[in-house]
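Structure at a glance
What follows is the residue order along each chain.
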Amino acid sequence: GLKLRPHRLASPAAKASSGIHVVVPPRRQRYLAEIAECVRSYHAFADGQAKIARERQQLAAAKAMVGKEVPEIDALLKAKKLDDECRLLVDSWPKTVESYSGDEQVVKVRGKEVRTALNTTSLSGTKVPKVALPRLEGHGELLRWRMRENIPGEFPYTAGVFHFKRENEDPTRMFAGEGDPFRTNRRFHLLSKEMPAKRLSTAFDSVTLYGFDPDERPDIYGKVGNSGVSIATLDDMKALYAGFDLCDPSTSVSMTINGPAPTILAMFFNTAIDQQVEKLGRKPTQKELAEIRSKALSAVRGTVQADILKEDQGQNTCIFSTEFSLKVMGDIQAYFIENAVRNFYSVSISGYHIAEAGANPISQLAFTLANGFTFVEAYLARGMKIDDFAPNLSFFFSYGMDPEYAVLGRVARRIWAVAMKRRYGANERSQKLKFHSQTSGRSLHAQEIAFNDIRTTLQALVSTYDHTNSLHTNAYDEAITTPTEESVRRAMAIQLIINREWGLAKNENPNQGSFIIDELTDLVEEAVLKEFEAISSRGGVLGAMETGYQRGKIQEESLYYEHRKHDGSYPIVGVNTFRNPHGDPVPQKLELIRSTEEEKRSQLRRLRDFQERNASQSPKMLERLKQAVLRDENVFAVLIDAVRVCSLGQITHALFEVGGQYRRSL
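For clarity, every value in this text was computed on a predicted model and none was experimentally measured. (Residues numbered from 1 in each chain as written. Predicted model: local features only at pLDDT ≥ 70, side-chain atom pairs only at ≥ 80, totals over all residues. Heavy atoms only, no water.)

With 6 of 6 residues buried, strand β7 (residues 251-256) is to be regarded as a mostly interior element. Burial of β7 is two-sided: the residues T251, V253 and M255 facing one way and the residues S252, S254 and T256 facing the other way are all buried. As paired elements, strand β6 (residues 198-203) and β7 share 6 bridges and run parallel to each other. By the bridge assignment, S201 is partnered in β7 with S254. (Buried < 20%, exposed > 50% of the residue type's maximum accessible area, 1.4 Å probe, protein only. Helix = DSSP H or I, 4+ residues; strand = E, 2+ residues; numbered from the N terminus. Pairing = 2+ DSSP bridges.)

See below:
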C-alpha cells in the first residue's frame, strides 16, 4: 500500500466534528426560509396597518361631517390603533413634503452643513424636481407607499439608500487591466483624466486570479498580462496605483479578484500605507508608523470582490477549499473591525458572474442575496456583531435586456433592508444595500458589433434609473478583445451623456409611481423569496452547492437562452433578425490588445529581483503564515506582513499546504 507521510495536524481525539470551523451552525440552516417569512410578514403587517390608517381617516372624516361627538365613532377610533412607527410615518408626511418644496435642502452630515439643490431648470425654464413626491391624500395609501417604497434614503430604501446622489462625483467606475502594472497605470490615468473623483476598477490576468507568479512554463507564460494586469509582488501593486493617493477621499479602488483576494488586498493596504510614509519624507518612528497605518486603514476607500461562493457557482476561479476561503474572508472582516476599516468593503457579493454564466435576472438576484445572507450568518457564527460588519458588505449586479432588470436594485434593497431590520435587528447603516452595476457582457455580439453600444446605453439607463451606486459601461468591442482607447472613450461617453445631458436623469426617482415598475417589483420579489425557500430546503447555500444546485440551474437557464437565440424566438437585432443583407462588415483594421513579449519578460525580471532581495526573510515569514493557519489565528493579519517579503505565488503554495486546494464536488 501507500506509505504514510508525517502529517502536520494533530490526530483527532474523537471521530466527530469539532464544530470549530462550522460556517453556518446546523440550528441556523433555515435562515433563508426565515428571511422569506420575515419579508412576507412585513408586507402583511404593512397592508394591515394601511387598512387601519385608512379606516381611522374615514372615521375622523365621518365625525367631522356629523359635527358632534359620536360615542360609537370614538370607540372605533380607540379600538383601531396604529403602530407608533406607522403613525409617525403618516403624521410626519406634511413636514417631509415641506422639506422638499423649497429650492434647496440643508442637512448636517458628520458635523458639516450640506446644501443640496432640489430642482434643475431646463432650457425651457421648467423646474425639474430632484425627487418627485406622490400626491396621496388617503392615509392608507400614503402609509402603504411609505412602508413599501418611501422616498430615497429612507426605509425600506426601495428607491435608493441615499436621499440624494453625489453632486460632485459621477457614478462612473471603468474597468481596466492589461499587460504589466505600468501599462494599466497609464490606462487608469487616461480613464480618470479631468474627472473630479478617481474611481478605478482593476482586472487581473488569469495567472494572478489563480494565485500564481509569472513563470516561463508554457501553460503560464502566454497568459501573463493578458485579459488583465499581472500582479505578483508589492512592487507591482505600488507601480499599478502610482500617481493616485489611495487615502484621498475622492479616490476609490475596486479589485476584481477572489481566490487570492486576501493576499492582493494585503498588498493594496501596504501600498496605501507606504504612500503616506513617503509623504513624511523620512523614516518614521514606531509611534508615527502606527499612527500612519491607523489613519491610512480608516481612510482608504474601495472594494475587493473576494466572493468565493459565486466563484463555486458560476465563475470558477476557486483555488483554496471553500471552507478555508470562507475562514480567511472572516479573518479579513475581523481585521476590518479591529482596525476600524470603515470606508472599504471587505467583499463584493457578486451576481454579475452568475448572470454571465447564464442565469436569468431572477436567479442572479436570488443567488446573490442568498450568498449575502450566508456571509451574514457565517460572521455572526464567529461572534461578530451585525452592525460591526454589515456596512462593509457590498453587492455587484449585471444589467441586461430583460424586463426584470428594471427593478433589480429596488427588490434587492427592500429584501435586504427588511431582513436586516426585522430579522437581524441591524441599525440604519447596516440596512442599506449598496451595489455596483455593469452592463451585460453576454449581450455583446461580434455580429453587427456597432449595435452593442445601443444595448449598453439602454442597460446603463435602466441601471441609472434603478439608483445604482456606481456603474461600468462595457465597450462595444469587448465581444472580441480587450477594449481599445477609442472604444473605452465611447463607453464612458454613454454614462456622461446620461448623467449630464439626458433631461429625465436630473430627477433621481423616475421609476417611482409607475404601475409596471410596481408590478414587476412585487413579482420579482416573490420569485426571489420562493428561490430562497428552494435553497433552504437543500440545506441553505452551502448545502445546495454540495449537490450542484446553483450550477445546474444556471446551466439550464443558459441553455434555454441559447436555444431561443438560435431558433430565433428570442430576437437579437443583427444576430438572428434584421441581418445585414451585405453580410457582417469586416473592419479594415482590428486592434487586438495583448501583453507584449517585453512586458512578460519585465514581469519575470521584477519577480526574481523581489524574491532575491527578500530571500533571507521569506522562508521564516511563510512558516509563520502556515503556523497562523494551523493555530486558527487571524491569517489576514499575518498576510499584511507576509506580502512585504513574499510573492503571491509563494504565499499561495504555502497556504495550499495547510488550507487545502480546491476540488469541485462531482
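Next, the rest of the story.
Bringing the packing of aromatic side chains into the picture now. Geometrically, a pair of aromatic rings is defined through the distance of the ring centres and the angle of the planes. For the structure on display, the rule yields 29 aromatic pairs. Both rings, one in F320 and one in F656, keep their centres 5.4 Å apart while their planes meet at 65°; by these two values the pair is edge-to-face. Linking F320 in the loop between α12 (308-315) and α13 (322-338) with F656 in helix α27 (residues 648-659), this pair joins segments that are 336 residues apart in sequence. Residues F320 and F656 agree in their burial class; the two are buried. When the centroid spacing of 6.1 Å and the interplanar angle of 90° are considered together, the rings of F373 and F532 count as edge-to-face. Of this pair, F373 sits in helix α15 (residues 361-381) while F532 sits in helix α21 (residues 515-536), and the two are 159 residues apart along the sequence. (Phe/Tyr/Trp six-rings, centres within 6.5 Å; stacked < 30°, edge-to-face > 60°.)

Quick look at the nonpolar core now. Formed by 78 residues in total, the largest nonpolar core has its most connected members in L369, F373 and F532. For L369, the residues in contact, after removing those within four places along its chain, are F395, A412, I415, W416, L433, V528 and F532. (Core = buried A, V, L, I, M, F, W, Y, C linked by side-chain atoms within 4.5 Å. Contact = heavy atoms within 4.5 Å.)

To continue, consider unusual backbone geometry. Going from F155 to P156, the amide bond is cis rather than trans, its omega being 5°. Relative to the assigned elements, P156 resides in the loop between α5 (139-148) and β5 (174-176). For S227, which is not glycine, the phi dihedral falls at a positive 60°. For S227, the position within the fold is in the loop between α8 (218-221) and α9 (234-240). Located in the positive-phi region is F578, a residue other than glycine, with phi close to 50°. Among the secondary structure elements, F578 is positioned in the loop between α23 (549-567) and α24 (597-613).

Applying the stated rule across the entire model yields 49 salt bridges. Linking K127 and D103 is a salt bridge whose minimum nitrogen-to-oxygen distance equals 3.2 Å. With K127 in strand β4 (residues 127-129) and D103 in the loop between α4 (93-99) and β1 (104-109), the pair connects residues that are 24 residues apart, well separated along the chain. One salt bridge connects K279 with D245, and the closest N-O pair in it is separated by 2.6 Å. (Salt bridge = Lys/Arg side-chain N within 4 Å of Asp/Glu carboxyl O.)

Taken in spatial order, the 4 strands line up as β10-β11-β12-β13 in an open sheet, and their pairing is parallel. At either margin of the open sheet sits one strand with a lone partner, and together these are β10 (347-350) and β13 (470-472). On average, adjacent strands in this sheet sit at an angle of 25° to one another, irrespective of strand direction. Judged from the 4 bridges that link them, β10 and strand β11 (residues 393-399) form a sheet pairing that is parallel. (Axes fitted to C-alpha atoms, helices over the stretch in contact; angles between N-to-C directions.)

Note on placement: S348 falls in strand β10. Judged by relative accessible area, which is 6%, S348 ranks as buried. Apart from residues lying up to four places away in sequence, S348 is in contact with T303, V304, Q305, D307, S394, F395 and F396.

A few words on empty space enclosed by the protein. Counted according to the given criterion, the structure contains 3 cavities of 30 Å³ or more. Around the second largest cavity, the lining comprises 15 residues; the ones closest to its centre are N258, G259, P262, F320 and V328. Per-element tally for the lining of the second largest cavity: the top contributor is α13, with 4 residues. Residues of the lining of the second largest cavity, tallied by class, amount to 11 nonpolar, 4 polar and no charged. (1 Å grid on protein atoms, 1.4 Å probe; cavity = no way out; pocket = protein on both sides within 12 Å on 5 of 7 lines; lining within 4 Å. Points joined across faces, edges and corners; volume = space filled by probe spheres on them. Nonpolar A, V, L, I, M, F, W, Y, C, P; charged D, E, K, R; others polar.)

Checked against the element boundaries, G314 lands in helix α12. G314 sits in the buried class, given a relative accessible area of 17%. Residues G314 and Y352, spaced 38 residues apart in sequence, show a C-alpha to C-alpha distance of 9.5 Å. Other than its neighbours up to four places away in sequence, G314 contacts H353, A357 and R551.

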